[in-house]
Amino acid sequence: MQSYEALLRRDADGNIQPELATDWERIDPGRFRFYIREGPRFHQTGNELAPEDVVYSINRVVKPSVGFESPQTSQLAGVTGAEVVDGERAVDLLSDGLNPLLPRQIPNNGQVIEKEWAQEHEKSYIAQHINGTGPFQLTSYEQDVRAVFERYDDYWRDEAAVSRLTFAGAQEPSVRVNQLIEGETDITVNIPPQSVSRVRSSEASITPAPSTRIIYAAMKTTVEPFTSPQFRRAMNYAVDIRSIIENILSGFGSATAQPTLEGFFGHNPELEPYPYDPEQATQLVEESGFADTTVTLHTPVGRYLRDVQIAQAVVEMIDELPNVTAELKQREFGSLSSELVDGDITTGPAFYLIGWGNPQMDASQTLIPTLTSDGTLTSWQNDKLDTLVEQAQNTSGDERKQLLQEANTHAHNQAPWIFLNRQYSVYGTSPRVDWQPRRDERIDAYAVNPAE
Amino acid sequence: MDLVRFIIKRSLHGVFVIWGVVTTVFLLRFVSPSRVTTFILPLDASQETRDQIASELGLNDPIYVQYAEYLWDLLHLDMGQSYISGLSVSAQVFSRLPVSVELAILAGIIAIVLSIPLGVISATRRNQPADYVATSFSLLGISTPNFWLGLMLVLLFAVYLGVFPTSGLARMGGERVLFPRAFIQLLTGDPQYLIAWLSHILLPAITLGTYFTALITRLTRSGMLEELGKPYITALRAKGLPEVLLRYQHALTNTLIPIITILGLQLGLLIGGAVITEAVFDYPGLGTLLVDSIYDRDWITVQGILIVVGTGFVIVNTAVDALHAYLDPRVSKQ
């Protein structure tokens, strides 16, 4: 984001804006055309951006034959390749049939690198150097410790207000808070809720922002007692998500009612979060025929904002029902996720807390991986949902929106998850800078200005 | 001659130990339930992509092929590339190593300078106020957890008093400052580097050294008391030897032998094991790199770090054993 740029970008509110492309249009269902900007130059070589660079950068992600298998393939899912348009300064992105995600999946993905430079250098050299067209160029890099950038004077937009940019890694939250309070840093990510008052009592301030990540407890619908929709709904009624947000997250979060977050394409604004109603929950458990069962919630430790505390509260609330016993199992994220991502619904825990980020802000990018039968991280096998999503992926515009909203309604009613909270990013900022956080958890240094 | 043979024998042992470390760490990854591809790829990556990446990294080969290839590369001094970042493991490890080594050494120096006089004073003024102060200090030092002490030092000296920075390595003009650089600058008449270096390393070194100081104070005290009660001391005292010679030339020298062994063991441990102190001070040493790599299942980096730490441990211990043998010739004759 600071150094590499994509064809399109998102502004702070999530709207799509031109970046290296000036304009874009769908030519036919399998072909989407981007017109390439004149003027951007690469940091290391000073060469001007050419359509060939864009084609190479996209193919590098989607085609293993260009270089290597890219870990980012899934972010450009549906794109099968790119080619230069003869006689025009333009590039076509190809897909098998209609790819309704375009152009939504382009911002932040398929960032453009110079073809010649990338082919000349080893993979490990490219991992430590940057040759993009963005507002900042990398000047020094220490893995996991710090990266320093200087303003790029030949940038195609106005020069950045910040002349030097340092990213310093500090895993320990107390270290980050101390650095901020002492004025050693200007923007700090992930301030723990319990440190918020300490930051507020200093010169620094707290800036929360809703992220694109939803936290939920998945219930595998193939495993008893979660095979019963009544039981799953009961779990939703049993959990007081508003109290969790208020007491555990100090208000930094919002309740959810469906897999898709507010503001995303396909979100259904008419759905309300399940109310806290333990009596209704108890009755539904009775109706489900699974009274007096024990459920065990697996939770990662330290992966999401206060994940263990949220899971503890969920378990305690379920355990308070007279006819269900709940237990908690704390897991290291690595081993938990390894069990979940094998694409096989029959392996791994039946009840687990996890978070899902969706920077494309499109309902399908949550529903497909987490809830359709073939999803990598799936916990649900439901024909109606599969059909709705498949239909949505073959249409566009309002019709697609309606189908996705319907899929969300279906998910709300069938409750394959306990819908928990939308995660908030909690930033601390020093009085020296004027900066507003974004929804996609990214920090755009180009948008940072010195305070008045 | 005995001493030389002793050192050679110890070094051969060391090679064997390092081979053992390499093999054990190599095999450990096959016991771990999680796969490195989970960490390289986003959660929604397809199974096909996962398999493809694993095979590019050579993770789909049979164990013996992977093992043989790894040993072969090691013999060519190549520790491979990180699975996660693609960077050279040796470049990463050797950039972090000096940071950990100088922190461990400074902590060791602080400990020795404080603890041995404290221990001696405590033993020679047994049951007097000075002894009570020294023993209370060492009890406190042993029972204070590192992370708490570190946090308190930061709060007091960095946040409230503002005399030290809160965290990180010293940097001048963007470049990190380690001791050799600071020392050279001092020789050219520029003390700024040394001041920056000291102000960053002092709090972590004190945190790391406190437990150490307390431990050695106690050892020195009890060792001295034991030596001073032995018949040879009584005999020397009867011969009219001055008390100073008796304490420092005879009793203390004999007390130091077990202390040196412990010091060596601890220093070796500190190089890779100062994880908590490094975390509290955001000090980018080997310990942090090790923990990060374990979390990421970046086994190849974990192996590289453990080989280097293991080698360091063996070297320090061989040196300690040699010193031990020199101080007590009976050791090398055994």
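Quick notes on the rules
Residues numbered from 1 in each chain as written. Chains lettered and ligands numbered in written order. Predicted model: local features only at pLDDT ≥ 70, side-chain atom pairs only at ≥ 80, totals over all residues. Heavy atoms only, no water. Helix = DSSP H or I, 4+ residues; strand = E, 2+ residues; numbered from the N terminus. Buried < 20%, exposed > 50% of the residue type's maximum accessible area, 1.4 Å probe, protein only. Areas by Shrake-Rupley, 256 points an atom, 1.4 Å probe, with all protein chains shown as cover. Arc of directions from axis to C-beta. Salt bridge = Lys/Arg side-chain N within 4 Å of Asp/Glu carboxyl O. Contact = heavy atoms within 4.5 Å. Buried area = accessible area lost by both parts, 1.4 Å probe. Nonpolar A, V, L, I, M, F, W, Y, C, P; charged D, E, K, R; others polar. Domains from an automatic or database assignment. Polar contact = N/O pair within 3.5 Å; in protein donor to acceptor, adjacent residues only side chain to side chain. Pairing = 2+ DSSP bridges. Axes fitted to C-alpha atoms, helices over the stretch in contact; angles between N-to-C directions.

Let's talk about the overall build of chain B
At step 1: A tally of regular secondary structure across chain B gives 15 helices and two strands.
At step 2: C-alpha extents for chain B along the principal axes are approximately 85 × 55 × 45 Å.
At step 3: In chain B, which comprises 334 residues, the proportion classed as buried is 46%.
At step 4: Counting every atom, chain B has about 16700 Å² of accessible surface; 69% of that belongs to carbon and sulfur.

Quick look at helix 12 (residues 383–393) of chain A
Residue and element names in this part refer to chain A.
At step 1: Taken residue by residue, helix 12 has Leu-385, Asp-386, Leu-388, Val-389, Ala-392 and Gln-393 as its buried positions. One face of helix 12 carries all of its buried residues, which in axial projection span an arc of 165°. Set apart from the buried face of helix 12 by more than 90 degrees, the exposed residues are Asp-383 and Glu-390.

Regarding the pattern of salt bridges
Residues and elements named next belong to chain A.
At step 1: Tallied over the full model, the rule gives 22 salt bridges over all chains.
At step 2: Of the charged contacts, one joins Arg-331 and Glu-339 as a salt bridge, the two residues approaching to 2.8 Å between their closest N and O atoms.
At step 3: A relative accessible area of 29% places Glu-339 in the partly exposed class.
At step 4: Each of the salt bridges in this network shares a partner with another, and the network as a whole consists of Arg-31, Arg-33, Glu-83, Glu-88 and Asp-92.

Section: the interface of chain A and chain B
At step 1: Contacts between the two partners involve 40 residues from chain A and, on the opposite side, 41 residues from chain B.
At step 2: Summing the contributions of chain A and of chain B, the shared interface buries around 3300 Å²; its carbon and sulfur component is 54%.
At step 3: Linking chain A with chain B are two salt bridges, by the criterion used here.
At step 4: The shortest N-O distance in the salt bridge between B:Arg171 and A:Glu142 comes to 3.0 Å.
At step 5: For the side of chain A that touches chain B, the elements supplying multiple residues, two or more each, are helix 3 (123–128), strand 7 (136–142), helix 4 (173–181) and helix 10 (333–340) of chain A.
At step 6: Ranked by residue count, the leading element in the side of chain A that touches chain B is helix 10 of chain A, at five residues.
At step 7: Looking at the side of chain A that touches chain B, its residues break down into 12 nonpolar, 18 polar and 10 charged.

Some details on the domain arrangement of chain A
It is common to give the size of an interface as the accessible area lost on bringing the parts into contact.
Residues and elements named next belong to chain A.
At step 1: The domain boundaries assigned to chain A delineate domain 1 (8–128), domain 2 (136–209 + 425–450) and domain 3 (211–423).
At step 2: A C-alpha centroid distance of 28 Å is found between domain 1 and domain 2.
At step 3: The partner domain 2 presents 11 residues to the 16 residues of domain 1 that form the contact.
At step 4: The contact between domain 1 and domain 2 buries some 1200 Å² in all, and 50% of this surface belongs to carbon and sulfur atoms.
At step 5: A per-residue breakdown of the area domain 1 buries against domain 2 is headed by Ala-12, His-43 and Asn-108, which together make up 41% of the total.
At step 6: Where domain 1 meets domain 2, there are three residue pairs in polar contact (both at pLDDT 80 or more).
At step 7: For the side of domain 1 that touches domain 2, the secondary structure elements donating two or more residues are strand 1 (8–10) and helix 3.
At step 8: For the side of domain 1 that touches domain 2, the class distribution of residues is five nonpolar, four polar and seven charged.

Looking at the sheet that holds strand 7 of chain A
Residue and element names in this part refer to chain A.
At step 1: The sheet built from three strands is open, its strands ordered 7-8-9 with antiparallel pairing. In this open sheet, the two edge strands, each paired with only one partner strand, are strand 7 and strand 9 (164–168). If you compare each strand with its neighbour and ignore which way they point, the axes differ by 20° on average.
At step 2: Here five bridges tie strand 8 (residues 146–151) to strand 9, and the two strands are oriented antiparallel to one another.

Points about the side chain of A:Thr133
All names here are of chain A.
At step 1: With respect to the secondary-structure elements, Thr-133 resides in the loop between helix 3 and strand 7.
At step 2: In this structure Thr-133 comes out as buried when scored by relative accessible area, which is 0%.
At step 3: Side chain to side chain, Thr-133 and Glu-5 meet in a polar contact 2.8 Å long.
At step 4: If near-sequence neighbours (up to four positions away) are discounted, Thr-133 is found in contact with Ser-3, Glu-5, Leu-20, Pro-40, Arg-41, Phe-42, His-43, Tyr-152, Tyr-155 and Trp-156.

Notes on the sheet that holds strand 4 (residues 31–36) of chain A
Residue and element names in this part refer to chain A.
At step 1: Across the sheet, which stays open at both edges, the four strands sit in the order 3-4-6-5 with antiparallel pairing between neighbours. Strands at the two margins of the open sheet, each flanked by one partner only, are strand 3 (21–28) and strand 5 (79–84). Strand after strand, the sheet turns through a mean of 20° between neighbouring axes, direction not considered.

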